[in-house]
Amino acid sequence: MASEEATEAQCSCLADYVHKHFSDREVQEIMNQTVTDPAMQQKIEGIVRVGSRQCLNP
């Protein structure tokens with residue numbers, strides 16, 4: 001949630017959601033912005049999109 005309006009609870013919720021779907025190594029690659037596989041990039045975008053919606057009201 002790259003938003004000035006996101007609460008700490010929302011960010012924590014999204015982090016937990018992302019960690020449920022990706023390994024620690026994958027999360028590190030996401031954070032380092034080193035993911036180059038287009039299919040993986042689409043998966044990441046989808047997971048973050050759904051997670052962001054689910055974490056609006058944690």
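Let me sum up the structure you'll find in this document. None of the values given here were measured: they were computed from a predicted structure.

### Topic: the pattern of salt bridges
Part 1 of the argument: Applying the stated criterion to the full structure yields 1 salt bridge.
Part 2 of the argument: A salt bridge links Arg 25 to Glu 29; its shortest N-O distance comes to 2.7 Å. Taken together, the residues Arg 25 and Glu 29, both in helix 2 (residues 24-32) and 4 residues apart, mark about one turn of the helix.

### What to know about the state of the cysteines
Part 1 of the argument: All told, the structure shown has 1 disulfide when counted by the stated rule.
Part 2 of the argument: A disulfide bridge connects Cys 13 with Cys 55, and the sulfur atoms are separated by 2.1 Å. Classification of the bridge connecting Cys 13 and Cys 55 rests on its S-S torsion, roughly -70°, and on that basis the disulfide is left-handed. Taken together, the positions of Cys 13 in helix 1 (residues 8-21) and Cys 55 in the segment after helix 3 (38-54) put the pair 42 residues apart, joining distant regions of the chain.
Part 3 of the argument: Taking relative accessible area as the criterion, Cys 13 reaches 22% and is therefore assigned partly exposed.
Part 4 of the argument: As a non-bridged cysteine, Cys 11 has Cys 55 as the owner of its nearest cysteine sulfur, 9.3 Å distant.
Part 5 of the argument: Owing to a relative accessible area of 36%, Cys 11 belongs among the partly exposed residues under this scheme.

What counts, and where the lines are drawn
Counting from 1, residues in each chain are numbered in the order their sequence is written. Totals for whole chains, interfaces and linings use all residues, but because this is a predicted model, local features are given only for residues with pLDDT of at least 70 and pairs of side-chain atoms are given and counted only at 80 or more. Side-chain numbers come from the whole structure's heavy atoms, not from hydrogens or water. When a carboxyl oxygen of Asp or Glu is within 4 Å of a side-chain nitrogen of Lys or Arg, the pair counts as a salt bridge. Secondary structure elements are defined from DSSP: runs of H or I of at least 4 residues count as helices, runs of E of at least 2 residues count as strands, and each element is numbered from the N terminus. Note on terminology: disulfide denotes any pair of cysteine sulfur atoms within 2.5 Å. For every residue, the accessible area obtained with a 1.4 Å probe (protein chains only) is divided by the maximum for its type, and the residue is called buried under 20%, exposed over 50%, and partly exposed between those limits.

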